[in-house]
Every structure is written in structure tokens, then in C-alpha cells.
Amino acid sequence: MFRQQFDRERIVDIVIGKSIITKKLCKVFHIEITLGRFGVTYKIEYRMYSILVCSFRFDAHIRSQDFNDLLNAVHTSTTTTMSSNLLVLNPMEFEHEFQDPLHKSLDIVETQYLSFNMSQYGSDGGVFSSPNFPHNYPQDAIIFYQFVASTNYRVVIEIDFFEIRGVSPQCTHDYLDVFINLTDFNLVNDQLLHRFCGRNKPPLLISITNLLLLGFFTEDMQTERGFNGSFRFIPAQRYKENLIREPCDYIFDSSKSKRGEFFSPTYPGTYLPWQFCNYSFVGQSNERVHIRFRDLMLFKTPNAQHCAIDLIRLYDNTLRPIELERFLSSFKQTSPVDGGLLSEQSDSQHITDLCGTYSMPLDVYSTKSSLLFYFITTHYAELTNEEQSQLNEASMPSLWRKGFYAEYEFLSTLTTLDFIPRNQTNQYLSGTECDQTIKSFGKGHGILQSPNWPNFYKPQTSCSTYLLGIDDRYGLENVEIEFEQFDIDCQLAIFVIYNASRIHDYHLQSHPSYSFVNSTLVSKEKSFNNYYQQEVDFKENLTFCGHFKPEGRFVSQNSLLKLSFIPKTRPANNLLPSLVNGGKFQAKYRFIKSYHQLSKNKSQLINTGDCSLFYYQSRALNGKFQPPRSSDEDYFSNANCTFHFQILNSNFRLLISYDYFNIADNDVINCPSDNLTYTYRSHSLYKSYPYIYCGYRNYPPPYLTDHSVEQFRIHFRSNNDSETGLGFDGRYEFVNRTHPLFSSQCRTPFDPIIEIYDKEQSSGNLSSSGYPENVICEWSYRTKVDYQFKLDLTVVDLEGSKTKDPPQGCQSSVLKIFSEERIDELCGQQETISYIITKSNWFTVQFISFTRQTGELLKGFHLTWTIIRPKTTDPDYLDCQPRNETAFSIHRSLICDNYVHCQPYSNADELSTNCSQLLSTNSYLVSFPFLRQHYIFISIIILLIILTITVAILLIFFIIKTKNYLHQEKIRSSTKTYFTDINTHNLDDSTDVNLMKQTVTTV
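These numbers come from a predicted model, not from an experiment. (Residues numbered from 1 in each chain as written. Predicted model: local features only at pLDDT ≥ 70, side-chain atom pairs only at ≥ 80, totals over all residues. Heavy atoms only, no water.)

## Thoughts on unusual backbone geometry
Logical step 1: The omega angle of the peptide bond from Asp805 to Pro806 is 0°, so this bond is cis rather than trans.
Logical step 2: For Pro806, the position within the fold is in the loop between β52 (788–797) and β53 (813–819).
Logical step 3: For Asn132, which is not a glycine, the phi torsion comes out positive at approximately 70°.
Logical step 4: Within the secondary structure, Asn132 sits in the loop between β7 (126–129) and β8 (142–148).
Logical step 5: The exposure class of Asn132 is partly exposed, given its relative accessible area of 47%.
Logical step 6: Residues other than glycine seldom take positive phi values, yet Asn242 does so here, at roughly 65°.
Logical step 7: Position of Asn242 relative to the elements: it lies in the loop between β14 (226–235) and β15 (243–245). (Helix = DSSP H or I, 4+ residues; strand = E, 2+ residues; numbered from the N terminus. Buried < 20%, exposed > 50% of the residue type's maximum accessible area, 1.4 Å probe, protein only.)

This is how it looks when you write it as C-alpha cells:
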């Protein structure tokens, strides 16, 4: 402790104990804080190094009771964590108003500086590490690693091992600070790249200048192994080519170089946060700019839809060099990113934004001769533990801030975009060489021509066309094309049609002709062909080349049809001149509604309300289906539409569900006007599903076919009144046992039937085990012939309702019970217990639960089943109601088991009189249900006990016999010893002889 005098004021410095030595690194800030309790205002000067508080200075008397309040206020104002290692640098004796003087020890840590100079190590560099590595580093350490390269060189750092105490990103204990953009080592105006700790190893580091600094700080507590790495020095010239202004403004001029490469300022090292780099490409008037990314990795939050943190933004721009210079000079040097600069480029010129990672190579093209390329970075964000675990589960690469590496070229050989009409239907896909989209907008037809038509393509041109039909709640369209001219040399290119099938008209000898009237396609007489009735074979791609056009028509599998003209390798120099042309084609296209009428008289106009649509598992495993709708968005009156679903084999089931449902009918029970019904073919016989559906949002429950269903049909009917609705949006999916809806937590529809017998188990329970989501469970039971099941629903507590007014249907969950001549659909809340008595010896319970629509606390379902028999004289069975001929009998093992199995007829099985009668009988197996049901198991246990006792007795007897035998052998051995002694000593004494005889006799 020491004393220091000041004029009129006492001044106290509060510092981080070991940071006082590095005070020159700290920036100065000023704030004023008023403590509300006393109304005292303190003017505070504090210094910070990066996010580390170096010191505080107060210019007023500090009362001891104010000290902690003031520190908390400083923490709140500076958003800086005030840890326990704060201490007073120059404590002093205070005026008499201080009741408790502050006495703190002075903690000074010597700072170490380690220098690694290229002049000493050469360009190959060397290695470095934390003190004592690979053992733990010391406490209370401040070490600066200074790497110095020669002019026009840069420093490269690779960390091999990293283990520092702390948790990223706070790093409140020990940490490593990294600086890659330095002008000197004073750190006055230099930007921190990042602070690293824990196991968050710094990625590859490359300096922007010839200097790089690592600052290693440790506390006076527990330490870990630290880090080690290597360094080297690389030339900086490749980063300065075409650079017109530091740090990263570049111009690439076609008149100087037609092709080259460029990269982010520190590629492949970690890029700096808060950067705005510009790469401007200026070509000749007949040229287009082609950018090919060879490597691209920018930070992006997983599952984010936009590039919110770091990005590459590309613009088509026609600025001349002078205007471009003026544009670049408008950049503000003091602000890394100025959002106002981006607004100078119109949205129509914006090509795309890039971030995250992509499959390489990635190509981008300008439409004309110029292109603007912005590389923008913001703060150094880090992934949360949950986001990182998502990446790990998806086996995706870690989002390291590596930057990008790309090649550029100015090309006059690229095709022009004049062949793409500038209208609402046809649109050029920005950034591509010559790709376009053609959208239907309900208008339905047109002519498609190759670029440069009627001349040949330019060689090596690669173009794709995407024809997009309507696919929404109001309609669904497929795409059909037919070639009129086709000439593509197979040595140079191929033409590919994706996800399509070739359609032949078997009824006509000539191609059908079409006329286009008022933008509506009308089929001429006998030209109608419903290709959905054919076994359409969709291919992933159909490839064509040659001088003859592909025959037939080609239809898309869904609402998208993709066509691509793909060149082969670049032509060799010795090819004939006639082969250097790419080729050409012309085709007509049309968009067709995905539903078609099967009219009796095909010469008549099609009734738009009729349709018959087929869905084959061989074409698509899932999709949507909807009724035809009018231009008013409602389904047609007098509609008759059938959706056919063909199941491939018994290993698959069809799953039907609905996203929307609105079939107009006031009677939601009988649905006499407009309705939806099901039929199915099983064992070559067609059967009707007993339920009918209609109403507003009265959703049909999810439907899963059983193993015997070969074809499933959905029938939509509407009457001729004017009351219609939007209809429905349905989903279908062909599923097998590997589908995620079939989990291991319950039995599935693919599991075998459970065979059960009354003497083994006469009753049991089934439940949903709570209310799980996204699961399908199915239990199937069967017992002996002439026996039946009684099912008691003790709990039904699901989403939806079929009884409320208005009903809600069963959109997300349903409990179905199948038995002979009966199917029950249940959802919502069941307040009274329901009893179901099957007509045969089997039943199936199916529970389907999708994603919950509400957050209600619901229980699911619970069901008790009991094997019953019609009235019988079998003594093992109890007649539940002797005077009622319709009643049933239950097995006597169920008597007095605390559950009334005879309900709803009686409670005879739980009457005390029946229980006492059983107790008086000699058969304990009958008296006690547990013994009766498990007599085989109990008998086996009794036999095992008897066998164990028998073995134990035999073992004891054997041990006793063995012990006696050993005792006798010992006696014989003693007798022989006596005889030997007598012979040896020639004992003639008669007394001894008598004794020997007596001994022998005894033995």
C-alpha cells in the first residue's frame, strides 16, 4: 500500500490485476453515472482492450457504501462483466467520511513478448506453443506472439492442438486473442479478429499485412494443456493483382486480361468481420462475364432462409469505367458496411446472394459486359450448441469462414439472350448462361426454340428450360411437349428431358392436330387421348441426339418439366468445319389439367366436372390430389371425379390425409348433396368403406389401407345446385415398414397377428401410452373359432370431434377399431364408456397420430379386451346374465379380479357371492385367477424345487459316504504302521502282542 496526494480530490484506479502492464493497449472512454440512492454523480474514465476492461478512474469522493453500487452501474453501462479479479491499483487512506478504507493487494504480472521474424526463420517458418506444452500452461500469464514477415509477404498460422480453459464465446477465464490486420503492435486502432478458448480451435489464419499477433492471457486459477501450431510466410503479390485501393477494391478490365483468378482478402484463411470488398468486372460490348467458383465457404446460420451475416452479392451492371471509378470513390472508408451503397443498384440488376457452402464448381454469368461483385461480412457470429449438433447429425462441414476462390473470364462466344421473350410467361434465370422459365399462368401453350434460332447453337452452349405448370389448391397441370424440328450432332451435344415419359397414341395412325382458340386448347374429333389410362413409365432422364426428331409426345411426371441442351467435351482442333455448330431444335408445348374425362362420346366437349385420375406407386411414392375447380376457385356442380391409387404389392400401404376440406352440405351425417366416399379392391373384390364425408372443415380422418388392398378409390360427387366450396387438398403416400411413422414404441401394421387363447390369457389392455405424435400403431388379435371379443373403451381423449356442432372431424388423430362387419372411427373426447362385441374371433385396433394441432393436455386412449363365449354349459365359464339369452359368458379366471368383465349386462363376475363360492371349491387353480392363468409356469417352478431338493439330498449322502471312507483308510494306514514298528524292534512282550491282536480285531 502506498500514499499519493492530489489537489482537492481523491482518485482511485480500479484495474484488472494483470492488465496494468498492457495499459498502453487500452482505449479511453468517458461516462457519467448517478447513483439514485444518494443522487451522487460520478464522472468515470475507463479504458478497454478489445472487450476487456483495463481500468476505471473516478473523479469524486467515493463512499464505501457506494463502492459496490458504482461497480454494478459501470457494469450495466459498459455491458462488461466485472469479475472478482478487480483490484485497487493505488489504495490510500481516505477522508474521515470513509468508514471502511479499501485495502487491496497489488497484483502485477510481467508481460512476455515472443517474436518470430521471417529474417530469422525464413519463408518456411517454424513452430510455436504455449508455455510448458504439452503440459499445462502457467497461471497469471500474459504472452504476446509477434509474427513479422518481410515486406510483400504475409504470415500464415495453423493451430494443431488447442485446449484453453473457458467456454466460447464468452471466454471469461483464459483466452487467445487473434489480430490479422495490423500496421504495428501498439493495437491502438487495430481490429480484433476473434477471441478463442475452450476446444474452439482457431482455423487457418492469414494476415492482411506483414504482421500477425496472438495475445495469450491466463488467470490465477486452474489451467489446461494450451496450444501449439506452426507458422510460415507466403508472398502477398497474388492478393494485390488488380487492386486499385486498399484494403480490397479491385477492377478487372477485359482490355488488360481476358481471364484470371481472384479470392477473398485472406483466402484460404479466416476472413475479417466488418468488411466491404468490391470486385468490378468491365468487359467489351460484345462480351459477357463468366465467374466460376472453385471454393466457397461463408458463415451462415443453419436453416436460415437468407444470408443475414456474411454474403457475396452479385449485380448485373453496365457502368463504364469512369462511372465505376466514381462509384468506387463514393465508398466511405470509416464504415465497413454502408447499406446505402447497395441501394444504388436496382433490384432488376440483382443476380443473387451467396453464403454457406455449395457444390463446386458454381457458375455465374452476367447478361451483358459488366458485373459487380460485393463481398460483405458483418460480426463474427458463432453457432449455438444446438446448431452445431444439427450440422454434426447431418454430416455437414463446419461453417469455417474460409472465404472464396474463383476464376473469371470475358467471353464473346456465349450466346446472346435475344431468344428469350421479355414477357410475363418467359423469364431469364439471372446468373445462368441462358436458362429460362416458362410459366403457365393458366394460358397453356406455345413454341419453344433453341438459342440463335433458326441458326445453330453456338458451340459449347449449355442451356436449360423449365416449364412450370400450376400446382396449388386451385388446380394442377402437367407439361406436354412435341418436337417439330430436331438436329443435334451426337459428337457435340445431347438433349435431355428430365422426369418425363414418352406417350404414344395407339388409336391414331397420324399425329393429332390441335387448334388454339382464345388461349384454350380444344381437341379436334378423335384426337382425345387420356394418357393417364396408360402404364406411363417415367424416367429420370430421356436422352436424344441425331438428325431425326424424337417421335411421340412427352409428358411430365408432375407440374415441372426440365429440358437441357448439354455440350460434350470441347471439340478437338481436327474436327470437320461442318461439325462445329452446336445444333438446333423447335418444339411446341402445352400445359394440361391433370384430370381428364372419360367421355362416352369423345367427339363431345369435355365436361370439366368429370375426371378420372390414376396414381401409380411406380411413378411417385407421394403427392397431392384435388378436385377440378372453376375459375371462381370452387369445385364444379354436378361433378363426378374418381381418384385411383394403385398399390404395388403387400409390402406397401397407402396413407391418405387432408390439409384442407370444404365440401358443401348442410347434413354432415348423411351428406346427400356433395360428398366424399371410399371403395377398395381386396382379394379381387370391390368393397365400400362405410363412412361418408362432407361439411366445412369436417376433416376425414387419416386412412391407412391393410395388406390385402390392391387398389384404393376416392370418389367425389357433387349435385347440380349452386352451393359449392373449395373442395379438398389431399395428400397420398405409399409407405412400407421403414417409414418413420412406424416406430418401435408400438406394434405396426406390418407385424403378425397376435394369437391368444382363453386358458392362457382371458383379458388384456391396449393403450396409446400417452398421446405421442407422428406415429401409426396397429394391434391385431385372434382367438379360437366360435369365440368372440368384448372391447371396453375406458379412455378416448384425442384431438378433433365428430359430435360437436359444427363437427371438426379427425384431421390429426383417429382411433379405428376393425372387426367382422363393423368399423368404428373415434376421435375427440369420449365421456361415456363404449362397449363393442365382435361378431367373430378377431379384431384390429389402429391408432394414427400426426402433428398435434393444439396444445391441449390429452390422454390418448385406453382399451380393455376380454375373450367371451355365447351362453355355454362349460363349467370353466361364468354366465354373466343367466336369464338373458343375448348375454355372454366369461372365463372363471376373470372372477373377482377387480374389473367388471360382464358389463354392460351385469357385474356378476365381481359379486361377493360368486367369490365365496369359488373359495369353497377344491380347485385353487380355479379360485385364484393368477394360479389359473399361470398354472404351467407354477408347475414348472414346483418341479424345479423338488429336483433341487433331491439333488441336495444325494449330494449330502455322497459327502457322508466319502468322509466315512476316508476315515477307514486312515485307520488302515495306522495299523500298518503299528506292524512295522513291532517287526523292527523285535518286541516279544506278550502284553504288546495281545494289544496288537486287539487292535487288529478292532479294525
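## Things to note about the sheet that holds strand β51 (residues 775–782)
Logical step 1: Reading across the sheet, the 5 strands line up as β49-β51-β57-β53-β54 and stay open at both edges, with mixed pairing between neighbours. Here the strands that pair on one side only, and so sit at the sheet edges, are β49 (754–755) and β54 (822–826).
Logical step 2: Relative to strand β57 (residues 842–849), β53 is paired through 6 bridges, and the arrangement is antiparallel. The partner of Leu815 across the bridge, within β57, is Phe847. (Pairing = 2+ DSSP bridges.)

## Remarks on the state of the cysteines
Logical step 1: The final tally for this structure, using the stated rule, is 9 disulfides.
Logical step 2: Cys171 shares a disulfide with Cys197; S-S distance 2.1 Å. As the torsion about the S-S bond is roughly -85°, the Cys171-Cys197 disulfide counts as left-handed. Of the two residues, Cys171 is situated in the loop between β9 (153–163) and β10 (175–179) and Cys197 in the loop between β11 (194–196) and β12 (205–206); the sequence distance between them amounts to 26 residues. Considered together, Cys171 and Cys197 belong to a single accessibility category, that of buried residues. (Disulfide = S-S within 2.5 Å.)

## Considerations on the side chain of Asn662
Logical step 1: Its location among the elements puts Asn662 in strand β42 (residues 653–663).
Logical step 2: In terms of polar contacts, Asn662 uses its side chain to reach the side chain of Tyr660, at 3.4 Å.
Logical step 3: If we ignore the near neighbours within four places in the chain, the residues touching Asn662 are Tyr635, Gly695, Tyr696, Gly725, Leu726 and Gly727. (Polar contact = N/O pair within 3.5 Å; in protein donor to acceptor, adjacent residues only side chain to side chain. Contact = heavy atoms within 4.5 Å.)

## Some thoughts on a nonpolar patch on the surface
Logical step 1: A cluster of nonpolar side chains, Ile936, Ile940, Leu944, Leu947 and Val951, forms an exposed patch at the surface whose accessible area comes to about 470 Å².
Logical step 2: Tracing the chain through its elements places Leu944 in helix α9 (residues 935–985). (Patch = residues over 30% accessible without salt bridge, like charges linked within 9 Å, V, L, I, M, F, W, Y side chains within 5 Å. Areas by Shrake-Rupley, 256 points an atom, 1.4 Å probe, with all protein chains shown as cover. Salt bridge = Lys/Arg side-chain N within 4 Å of Asp/Glu carboxyl O.)

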